[in-house]
Structure formats: structure tokens, C-alpha cells
Amino acid sequence: MIANETFRAKQVNENQCNMCMPLGGVIAFKGIEGAMVLVHGSQGCSTYMRLANVEHFNEPVDIASSALNEKQTIFGGEPNLHKAMDNVLRVYRPKVLGIVTTCLSETIGDDVKGMVQKYQNARPDCQVDFIPVSTPSYAGSHSEGFWAATKAVVQHYASLLEKHQGINIIVPHISPADIREIKRMLVLMGIEHTLIPDYSMTLDRPFGGRYQKIPSGGTPTRSIERMGGASATIQFGRTCPANISPGAFLEGEFGVPLYNLPLPIGLESTDLFLKTLRELTGRTVPESLTLERGWLLDAMADSHKYNAEGLPAVYGEPELVYAFTTLCAENGAFPAVVASGTQISRLKDLIAPLFPEDEQPELIGEADFASIEEACVRSGVNIAIGHSGGKVLTERQGIPLVRVGYPINDRVGGQRILSAGYAGTLAFLDRFTNTLLESKYGTYRQRKKQELFEKGGK
């Protein structure tokens, strides 16, 4: 049985549910130590990305631009790109320069890899690592851009220098708080690992009082070089297409076994993550994590009777959507609407087995908020889970929103939202249940009054 899927016949996107592809590439590069990012496109592209990141992370986020305009649209953007690279190297002195393309540079046919090679040939003493990535937004959303840039970094550095017992951990676009939680679990189990991309410090820094052009933190390039010799790769990428999968590249190129797991959000998925770590390393799960699992189970028992009244809509990036859909399912809240701004062929195959054949959610691929709102009204949705774009569901339909994912631009603390691991799942479950209760008791008297009037006061 295939889940019910809505196909959009219209050609106009009304209030999109996703961000652009190069933006995902920018965030991935921010998780590499000593890296700076250059957007080969118009000033508007990089300004939009800076604004989106600053609003979400509440940190200064520098993104360079080659500033293409009408002239370069006709004659090509090579001089602008080379000038921008000169400026970035002079001002920022990066170890790594990620170069992401845009719709404009791809449409006019700029050979960015060739341009970068030409730049390097003219400067043989330059010690900077240049990593160009093709990220036109008509080829995907920020989710695909994130995976493509991460794979490009791994492709650039990984080699088979030596075999070792460490494990590669590849994360999708999640919050810095979630990255820190996954790292904490690995440290508690005493597991040697390389986590990529790690923007938990570069995009969520402790107050330091002084602006840093390139913040400290990020995955060290010397650690990425060793990924080809690791004993295994755990990639949280069940929805990641194979052609942009960093884990699939490591397996195909160096024979590193790939364990493609769901994000450790929810009881079952976190159990699977720890079980896989235990089997791969022989390490035991420490008592502190066992206690956290017990507290989560207790919370699930406490809130189950309330969650059964929830009929959520889950939307956002495919990997997060799958994680929160399974979390809802294991807590008794049937997700009536499941949507993503990107293509969902893999997500569709993962969602269908979670529910009975006669009780499938409505799936919407390449969704905008007009189509999500229509589906919510049609299905009687009473709570939504996703990023700030879903605030229109609250404004227009009174559907309360539990904020997770990216971007969170109408609240503070988007970078600190914790959902991973037992502790993160418990924190989310409390937020979800209390939002349901707040909505229920906030409208309880009005609903009872309305019912009384409809019965003629009897």
C-alpha cells in the first residue's frame, strides 16, 4: 500500500516550504574548520542567505559573493569570480574556500570548476583548498544543497591513509543543539569518531566579546582525510539520494561499510542508533543514557492519553519530517498530513509501512503552504510540527505550531532547539503535549458554549 500522495498541478509556488539549494551548501561549509563560503551569483542571493542564517542562528554569518550583474550575464562571470576569490583570500585568509553556484551562474553556463582550476594554475603557491559545488535551486532545495556540499568536502579530502577503529558520523541539516547531543552520546560511550559537518560551535558560539571572521570550530580537515580508513560510517540519511550521499561515496570508493539510519529522534530510532554503536564497537551503553531512556518512557506513558487527541501536520526537510512522523506514530498521534518542499519519493516509501493500509497520511511533495493549508483543513489537523513558515497555519486556521527545523525566524533560540537522543525526544514530547493541552483548554469554554447554543440551550 502506497501512502496517499498529493501532486501539485499548479505552476506557482505560494509561500514556499523550502529554502534555496546553495543555502544548504553554505551551512554545510560552515561546519568545516577554517572554511569560508563564496556564492557565485548576484548580491541578492548572498544577502538572502546571510539574512536567513542571521535570523535563525542569531550570529554574524559572513558569506562572500561574486556579485554578478547584467553585464556578466552576457559575457560570463569568470573575472568577477576570480576577483571575489582574491578578496576573500586577502580579507579572511581561509584554509578552505567553498564555492557554491546559483541559478544565475548555472543558467548562463559558467564552468565554475574550470574557472577555479584556472585560478589555481595561475597561483601555484596558494595553499587554500578550493571546493566548488553545483547548487542551482531549480535542481533541488537546501536539503539537497547540504548533502551535495558535504559529499564534495568528503570527496575532496577523504583518502585511505590508514585503517583505524574510528566511526564516521554524517549528519543531515539539524540544529547545533542536536549535533552537540549526538556528540555527547558518542563521548559517553567512549567512541572515537569524526562527525561531519560540525557547525555546533561555528553557528552557535558562546559569547566571546570579539567578532571572529572565521569562528573556531568545525570538522578538522585532517579528520576528514582519515574517513576513508574508518571501520564504519553511520549516516543519518534515510531520505538522502544516492548520488549525493557522502556515506555511499565512502563505501563505494574505500569500502567503508555504510549504516544509513534515521535520525536518533524518538525512542525506537535512538535505540537503533545505540544498538548499532554497540554492535560496531563492543562498547556498552552507560547508565546515564539508560536513565534518560527510562525518563523518556515515563514521559511517553504520562502524555500518551493527551497525544491520542492530536492530529498533526508534519512538514519541512525530508529527514526531519521522517523523524517526527515516526515519533508521532510511536506516541499515539496520527500525522494526517506529511509534507516537504522537496521531492519525497524516498520519504513516501518510508512512511507507508508505518501505518495501516486503510489509515495513511496525506503526503505532499514539493509542497508550498497553500497546499499544506488546504490539506490541513481537509483532514481536520489540530497541531503542526515544522519551521516558522507554518505560522500561517496558526494565523489563518488557528492551528498551533510546535517549532522545529529551519528556519526559525519568528522566535529566538532556533539554534538551541533540542530534539535528538532520549533527552531531546523528551523535551520535544513535552513541548508537543503542552501545546495540545494549551490549545484544548484555551478554547474549551468557547466550544462548550457553542455546542450548547447549537442544541438550543438544552
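In this numbering scheme, every chain counts its residues from 1 along its sequence in written order. Under the rules for a predicted model, residues below a pLDDT of 70 receive no local features and side-chain atom pairs below 80 are neither given nor counted, while totals for whole chains, interfaces and linings still include all residues. Hydrogens and water molecules were not included; the side-chain quantities draw on all heavy atoms of the structure.

## Examining the side chain of Ser371
Inference 1: Comment: elements are numbered from the N terminus, with helices defined as DSSP H or I runs of at least four residues and strands as E runs of at least two. Note that Ser371 resides in helix α15 (residues 369-379).
Inference 2: We classify Ser371 as buried; its relative accessible area is 8%.
Inference 3: A 3.5 Å cut-off defines polar contacts: any pair of N or O atoms within that distance qualifies, except that in protein one atom must be a possible hydrogen donor and the other a possible acceptor, and neighbouring residues in sequence count only when both atoms are side-chain atoms. A polar side-chain atom of Ser371 sits 2.8 Å from the main-chain carbonyl oxygen of Asp368. Residue burial is assigned from relative accessible area. The probe radius is 1.4 Å, only protein chains are included, and a residue is buried under 20% of its type maximum, exposed over 50%, and partly exposed in between.

## A closer look at the sheet that holds strand β9 (residues 258-260)
Inference 1: Read across the sheet, four strands follow the order β7-β6-β8-β9 without closing on themselves; strand pairing throughout is parallel. Among the strands making up the open sheet, the edge pair consists of β7 (193-196) and β9. Averaged over all pairs of adjacent strands, the angle between strand axes in this sheet comes to 15°, irrespective of strand direction.
Inference 2: Pairing between two strands is assigned when DSSP locates at least 2 bridges connecting them. Both strand β6 (residues 167-170) and β7 contribute to a ladder of four bridges, which runs parallel. Here the axes come from fitting lines to C-alpha atoms, over the contacting stretch only for helices, and the angles between their N-to-C directions go from 0 to 180 degrees.

## What about the packing of helix α8 (residues 176-188) against helix α12 (residues 287-307)?
Inference 1: The interhelical angle for the contact between α8 and α12, taken along N-to-C directions, is 130°, at an axis separation of 9 Å. Considered as vectors, α8 and α12 are oriented oblique to each other. Contacts from Glu181, Arg184, Met185 and Leu188 in α8 reach Ser288, Leu289 and Glu292 in α12. If an angle is under 35 degrees, it is roughly parallel; if it is over 145, roughly antiparallel; if it lies from 65 to 115, roughly perpendicular; otherwise it is oblique. Contact definition: two residues touch when any of their heavy atoms are within 4.5 Å.

## Considering the nonpolar core
Inference 1: Nonpolar cores were defined as sets of buried Ala, Val, Leu, Ile, Met, Phe, Trp, Tyr and Cys residues, with membership established by side-chain atoms within 4.5 Å. Counting 114 residues, the largest nonpolar core has Ile182 and Phe273 as its most contacted members.
Inference 2: Residue contributions to this core peak at eight residues, all from helix α7 (residues 142-157).
Inference 3: In this structure Ile182 touches Ile169, Val171, Ile174, Leu195, Phe236, Pro264, Phe273 and Ala420, once residues within four positions along its chain are discounted.

## Let's talk about the sheet that holds strand β2 (residues 35-40)
Inference 1: Within the open sheet, the four strands sit side by side as β3-β2-β4-β5. Their pairing is parallel. Edge positions in the open sheet fall to β3 (64-65) and β5 (129-133), since each of these has one partner strand only.
Inference 2: Sheet strands touched by helix α4 (residues 78-92): β2, β3, β4 (96-101) and β5. Its angle to β2, the strand with the most contacts, is close to 160°.

## Re the environment of Val61
Inference 1: With respect to the secondary-structure elements, Val61 resides in the loop between α2 (43-57) and β3.
Inference 2: Judged by relative accessible area, which is 5%, Val61 ranks as buried.
Inference 3: For the pair Val61 and Gln165, spaced 104 residues apart in sequence, the C-alpha to C-alpha distance is 35 Å.
Inference 4: Setting aside residues up to four positions removed in sequence, Val61 forms contacts with Lys30, Arg50, Asn53, Val54 and Leu203.

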